[in-house]
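# Breakdown of the fold
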Amino acid sequence: MSGKEVFYQGNEACAEGALYAGCRFFGGYPITPSTEVAEFLSRRLPRVGGAFIQMEDEIAAMASIIGASLVGKKSLTATSGPGMSLKLENIGFACITEVPCVIVNVMRGGPSTGLPTGPGQSDVMQAKWGTHGDHPAIALAPASVQEIFNETVRAFNISERLRTPVILLTDEIIGHMREKITIPEKGELEIWDRPRPDCPPEEYLPYDTSKGIIPPMADFGSGYRWHVTGLNHDASGFPTNKPSLVQPEEERLMAKVTENLDIIEKYEHLTKDGAKVGIVAYGSSARSANAAIRLALEEGIPVDFIRPITLWPYPSQPTIEMAEKVDTIVVPEMNLGQMIDEVQRCIEGRAKVVGVNRVDGDPITPENILEKIREVA
Amino acid sequence: MAFDYDKYMRPGKLPHIWCPGCAHGIVMKSIIRAIDRVGLDKDRTVIVSGIGCASRMPGYVDFNTLHTTHGRSLAFATGVKLADPSLNVICVAGDGDALAIGGNHFIHACRRNIDITMVVFNNNIYGMTGGQFSPTTPHGKLASTTPYGNPDYAFDVVELSMGAGATYVSRGTVYHAVPLERQIADGITHKGMSVIDALCTCPTTYGRRNKLGSATDMILWFKDNTVGIKAAERLSPEERAEKILTGVFRQDIKPEYCEEYQKIIDMAKGA
Amino acid sequence: MAQRYEVRLSGSGGQGLVLGGVILAEAVALFEGINAVQTQSYGPEARGGASKSEVIISDESIDYPKATKIDLLLSLTQEACDKYSVDLKEGGILIADKRMVTKLPEGNYKVYHLPIIDTAKEKAGKVFVANIVALGAIAGLLDSVSIENVEKAVLQRVPKGTENLNRRALALGYELVT
C-alpha cells in the first residue's frame, strides 16, 4: 500500500478512515475512551466543509447523524458502553428506516460506569442484540491501528451499500494504542455510496423492492419528497400494520445481511498441521492469542486460529471446519463469556469449548492463553 | 377564495388518526397557511416530529417528512439542519414529547439558537397513550396517572424557551388561529430557534376527565381566558394573574448556529 | 537488537510521560524504521495518580502491545517505581529520579539514579520538560534509536516556540548517561 506514513492512535486512525470514506458529519458526546475520535474530527471535518457537532447527550448524537445522513451526508458517531446503551433506541430507528450510518464503540470494562479507563470486550452481544425488536446487526472488530483505519472505511462502505447501521467495535487498548500506519492514496481503497433513485420524483417509492432488496434512497432536499417513519411501513414509506406487509419487510431487513455475506464477512483462519487446539479471538485479545500461538509452537503445540474481523454476522463456516479438526476451542475475551456462546452455538457440540476470561481492567496476556492451551492440549 | 390546503396535503393519507373534536387539525392548518404565507419550497422543507398524536402530522403533509423516536425530533432536526443549512426545518411535537422525554433536546436547541421552528401542540396531556399527565398539565388536574389530582407543577413553555435561549418565542391558541398562523410564519422567517407554544385541546382524554365541557367549549375557553401581552398591560395585576398571556414574547437578533459554524468552516479551510 | 525490547515510562499524571512514550515510539517507528507500539494506562486523574506509558520495540511484528518483561523502566515518582518495577526483568535498566525516588527496588538491575527533575528545573529552566530530559537519558541508553532521531520526533510533537527549550532538555538528559 502506498501513501502517507503516520504514527497514529487507534481512535485517530478511525477518524482518518472515516474522512477517507467520505464522512462529512459527526455528532458525538464526550466519553472515555472514545473521545479522541470526536476531537480529531472537530479539527478536521470543517477543513473539508463537513460538520462536527457535540450534542447534548448520546441519544441526540445518534439522532443527529441519522438526520444528517437523510440529507445525504455520510455520518459517524463514536462512544463507549454507557453511551452505546443510550444510542440503541435510535440505532433501531436507523435499522427500520434503512438510513446508513456508522457507530464506533470503543469498549471499556464493566456494566454501568464500570472501568472508564480500562479495556473490555463486553459489548459484543449488545452490538447484536442491544436494540429492541428484530433487526440486522453488522459489527466489525479490527485488531490493529491500520486495521481500524481500513475497517472504518469498510464500515462506511457496507453501511452505504446495504442502507443499514454498521457498528465498529474496538476497545480501549487498540483505541489508544499507537502504531505506524499508512494512509492510502485517494482512490486506492474503493469507496461505495448508497444507491440513489434515478426515477422521476413522482414515481419514487422509498421502499420499493421490485428491483432488488436494497431500495434506492433519496436525499432530503433533492426533490424526492418522502416520508420516513420508525413505524413499520409499506413500499411508499407510510405506516402500515398489515400482517402481509409487516412480516416480509422485517424479513427483508435481515435478508440484506444474509444475502450479502460476501461483502460483510471477513476473518483470518490460520491452520497448522496436527493442531488439536484451536483459538477464536477478536480485537485486542486476538493480538494476545497470536503471541500465545507462537509461544505454544515453540513448546511443540500447534494451534489453529480464527480471528473474526467481522464479528456480526459471525463466521460460522470456518468455525465448524475448525471444530471438525481440533478437540478443543479456546475463546479468550475480555468479558465473562459472550462470543463463546456463539462459537458453541455454531459448532453444535463438534468440539469442546473453553474460555479465557478477564474483566479486571488488565488485558488478557499471551501467558493467560498459553496456560489454557497447555491445559487442554 | 377559500385556502387550498390540498396543495400541501398528501393525497390518500386522510382521514387522520386524531379524535373527533381534537384541535390538532387547527394547528396543522395554521402551519400549512404559514408555510404558504412565507412561500416555502416543498422540496426544500423538512418537517420533523417525535412520537405522539401531534407527531403524526408530518405523515399527512407533502414535504420531506421525518417521524422519529419519542422526544427526539429536535435532535434529528439539528442533524438535518447542520448537514444542509439551506433547508427549512420545522419541528412539530406534543407537550410530553417536546418537554418531558425531549426536554433536554428542547433546551439545547434553544441554547444553540439553531434555525429551526418548533411548534409545540400543547394540549396538557399524553393523548395517544390514553391521558397521562404531562409536563404542562396544571397542578391539581386529573389524568389517568393522577387520579387524586396532579402533584406536579407545569412548565411554562414560553418562560422555558426564553430562559434556554430561543430567539423567537410566542404563544398562540387554536381559538386565535389567524394570529397563530402569523406567529408560525414569523417563526419560520426568523433566523434562529423559534418556539411557538400552540395551546390546543384534547377533549377525549383531558377535557372529559376534568369536566371541561365539549370540544367547542374547550376551544372557546381560550377566548375568555387568554389575553394578548399588549392588552394585558391595561389589566390590573390581579386581573392579569387570571389570564394566560399570548403573543410574541421575544424576537431577538442573535447569530444563528449554522452561520456560526460556517465561520468555523471558513476559518478551518483557511488554516 | 533483541527481538522484543520493552520500555516503560512511569510517574504521575501530568508529567508528560504519555507524550514521552509517543515521541520515543515515533522516533523508532517513523525514523529508525523499526516496529514500535505505544500504549498507556491511566486512572481517572488528569493530574496525579500513577501513570505509565509503554513502548514495545521489535524487528518483528508486535502482537501483544503491553510490557510484561521490561528491559528499561523509567520512574519519576516513588509510587510509580514501587508499583511498576515488579515487571522489570533481571539485568534490566532502571532509570529513577534522584530526588523523587529514594527507595530503589532490590534486584539485579542496572540502575541509573539521575537528577532528571532537577536538571529540568535548574539547567533547562522548566520543570515540565522533565519528560524530555528523561527521553534524552533513554536515548543515550538504547541501541535501537539515535539521539538525532529522538530529537526529530521531539521537535515534531512539542508546541511551537518551545523547540529550543526541548532541544536543550533532550541534550541535558543525554549528557546524564553519556
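Remember, predicted model here, so these are calculated numbers, not experimental data.

Our focus in this paragraph is the overall build of chain C. In terms of helices and strands, chain C carries six helices and six strands. Computed over C-alpha atoms, the radius of gyration of chain C comes to 15 Å, within 12% of the 16 Å expected from 2.2 N^0.38 for 178 residues, which places it in the range of a compact globule. Over its C-alpha atoms, taken along the principal directions, chain C stretches across nearly 40 × 35 × 35 Å. Relative to its full complement of 178 residues, chain C shows a buried share of 56%. A total accessible area of about 7600 Å² is found for chain C, and carbon and sulfur atoms account for 48% of it. Distance between charge centroids for chain C: 5 Å, based on 20 positive and 22 negative side chains.

Right, let's get into the overall build of chain A. When helices and strands are tallied, chain A shows 13 helices and 16 strands. By the compact-globule yardstick of 21 Å for 377 residues, chain A fits well, its C-alpha radius of gyration being 21 Å. Once the C-alpha set of chain A is aligned to its principal axes, its extents read approximately 70 × 50 × 40 Å. When burial is assessed residue by residue, chain A has 64% of its 377 residues classed as buried. A separation of at least 24 residues holds for 78% of the contacts in chain A among residues at least 6 apart in sequence. Averaged over its 36 positive side-chain charges, chain A has a centre that lies 4 Å from the centre of its 51 negative ones.

Before going further, it helps to examine the sheet that holds strand β16 (residues 352-357) of chain A. Two orientations exist for strands paired in a sheet by backbone hydrogen bonds: parallel and antiparallel. All names here are of chain A. Sheet architecture is open: five strands sit in the order β11-β13-β12-β15-β16, paired in mixed fashion. Unpaired on one side and paired on the other, β11 (267-270) and β16 mark the two borders of the sheet. The mean angle between the axes of side-by-side strands here comes to 20°, regardless of whether they run parallel or antiparallel. Pairing geometry for strand β12 (residues 277-280) and strand β15 (residues 328-333), over three bridges, is parallel.

Attention shifts here to the interface of chain B and chain A. Facing 38 residues of chain B, the contacting portion of chain A comprises 39 residues. Carbon and sulfur atoms make up 61% of the area that chain B and chain A hide from each other, which totals about 3100 Å². One can count 16 residue pairs in polar contact (both at pLDDT 80 or more) joining chain B with chain A. Here the side of chain B that touches chain A takes seven residues from helix α2 (residues 73-83) of chain B, the largest share from any one element. Its residues placed into classes, the side of chain B that touches chain A shows 15 nonpolar, twelve polar and eleven charged. With three bridges joining them, strand β10 (residues 227-229) of chain A and strand β2 (residues 64-67) of chain B adopt parallel strand pairing. Looking at the pairing, T229 of chain A lines up with H67 of chain B of β2 of chain B.

Residues and elements named next belong to chain A. In terms of domains, chain A is made up of domain 1 (1-264) and domain 2 (267-376). Distance from the C-alpha centre of domain 1 to the C-alpha centre of domain 2: 28 Å. Around 2000 Å² of area is buried between domain 1 and domain 2 when both sides are counted, 59% of it from carbon and sulfur atoms. Here E179 makes a salt bridge to R287, at a shortest N to O gap of 2.8 Å. The interface formed by domain 1 and domain 2 contains 16 residue pairs in polar contact (both at pLDDT 80 or more). Of all the elements, helix α5 (residues 124-129) adds the most residues to the side of domain 1 that touches domain 2, at four residues. Partitioning the side of domain 1 that touches domain 2 into residue classes produces 19 nonpolar, five polar and seven charged.

Across the boundary between the two partners, chain A contributes 23 residues, which contact 20 residues of chain C. Taking both partners together, chain A and chain C bury about 1700 Å²; carbon and sulfur atoms supply 56% of that area. Connecting chain A to chain C are one salt bridge. Between D63 of chain C and R294 of chain A there is a salt bridge whose closest N-O contact spans 2.7 Å. Linking chain A to chain C there are six residue pairs in polar contact (both at pLDDT 80 or more). Ranked by residue count, the leading element in the side of chain A that touches chain C is helix α10 (residues 283-298) of chain A, at five residues.

Each disulfide consists of one covalent bond between the sulfur atoms belonging to two cysteines. Residue and element names in this part refer to chain B. Tallying each qualifying case throughout the model produces zero disulfides over all chains. Left without a disulfide partner, C53 is nearest to the cysteine sulfur of C22, which lies 6.5 Å away. Look at C53 and you get partly exposed, because its relative accessible area is 22%. In this structure C202 is not part of a disulfide, and its nearest cysteine sulfur, from C19, lies 6.3 Å away. When its relative accessible area of 10% is taken as the criterion, C202 is described as buried.

It is worth spelling out the pattern of salt bridges at this point. All names here are of chain A. Tallied over the full model, the rule gives 47 salt bridges over all chains. Across the pair K74 and D193 runs a salt bridge, and its minimum N-O distance is 2.8 Å. Residue K74 is found in strand β4 (residues 74-79), and its partner D193 is found in the loop between β9 (178-184) and β10; the two are separated by 119 residues along the sequence. Under the relative-accessibility criterion, K74 is labelled buried at 7%. Residues participating in the shared-partner salt-bridge network are E98, E249, R252 and K256.

A word on helix α1 (residues 24-38) of chain B. Here α1 of chain B is 15 residues long and its end C-alpha atoms lie 21 Å apart, about the 21 Å a rise of 1.5 Å per residue gives. Buried positions along α1 of chain B lie against β1 (45-49), β3 (88-94), β4 (117-122), α6 (177-189) and β8 (194-199) of chain B.

Now for the packing of helix α4 (residues 103-112) of chain B against helix α5 (residues 157-164) of chain B. Residues and elements named next belong to chain B. Packing of α4 against α5 brings their axes to within 7 Å, and their N-to-C directions diverge by 50°. Between α4 and α5, the crossing angle belongs to the class labelled oblique. Of the residues in α5, those touching α4 at F106, I107, C110 and R111 are V157, L160, S161 and A164. When its residues are assigned to classes, the contact of α4 with α5 shows six nonpolar, one polar and one charged.

All names here are of chain C. Counting buried residues in strand β1 (residues 4-13) gives nine out of ten residues, a clear majority hidden from the surface. Relative to strand β3 (residues 48-58), β1 runs antiparallel, the two sharing ten bridges. Directly across from Y5, in β3, lies its bridge partner I57. Judged from the four bridges that link them, β1 and strand β4 (residues 70-75) form a sheet pairing that is parallel. When the sheet's bridge partners are listed, S10 is paired in β4 with S75.

On to unusual backbone geometry. For residues besides glycine, phi is generally negative; the peptide bonds are generally trans as well. Residues W312 of chain A and P313 of chain A are joined by a peptide bond in cis, for which omega reads -5°. Here the residue pair L14 of chain B and P15 of chain B is connected by a cis peptide bond, since its omega of 10° sits within 30 degrees of zero. Within the secondary structure, P15 of chain B sits in the segment before α1. The residue E98 of chain A is not glycine, and still its phi comes out positive at about 65°. With respect to the element layout, E98 of chain A can be found in the loop between α4 (81-97) and β5 (101-109). Take E98 of chain A: its relative accessible area is 0%, and that puts it in the buried class. Even without glycine at this site, N124 of chain B takes up a positive phi of about 65°. Take N124 of chain B: it is sitting in the loop between β4 and β5 (125-126). Owing to a relative accessible area of 18%, N124 of chain B belongs among the buried residues under this scheme.

Cut-off values and rules
- Residues numbered from 1 in each chain as written.
- Chains lettered and ligands numbered in written order.
- Predicted model: local features only at pLDDT ≥ 70, side-chain atom pairs only at ≥ 80, totals over all residues.
- Heavy atoms only, no water.
- Helix = DSSP H or I, 4+ residues; strand = E, 2+ residues; numbered from the N terminus.
- Rg over C-alpha atoms; globule rule 2.2 N^0.38 Å.
- Buried < 20%, exposed > 50% of the residue type's maximum accessible area, 1.4 Å probe, protein only.
- Areas by Shrake-Rupley, 256 points an atom, 1.4 Å probe, with all protein chains shown as cover.
- Lys, Arg positive; Asp, Glu negative; His and termini not counted.
- Charge placed at Lys NZ, Arg CZ, Asp CG, Glu CD.
- Contact = heavy atoms within 4.5 Å.
- Pairing = 2+ DSSP bridges.
- Axes fitted to C-alpha atoms, helices over the stretch in contact; angles between N-to-C directions.
- Buried area = accessible area lost by both parts, 1.4 Å probe.
- Polar contact = N/O pair within 3.5 Å; in protein donor to acceptor, adjacent residues only side chain to side chain.
- Nonpolar A, V, L, I, M, F, W, Y, C, P; charged D, E, K, R; others polar.
- Domains from an automatic or database assignment.
- Salt bridge = Lys/Arg side-chain N within 4 Å of Asp/Glu carboxyl O.
- Disulfide = S-S within 2.5 Å.
- Expected span 1.5 Å × (residues − 1).
- Parallel < 35°, antiparallel > 145°, perpendicular 65-115°, else oblique.

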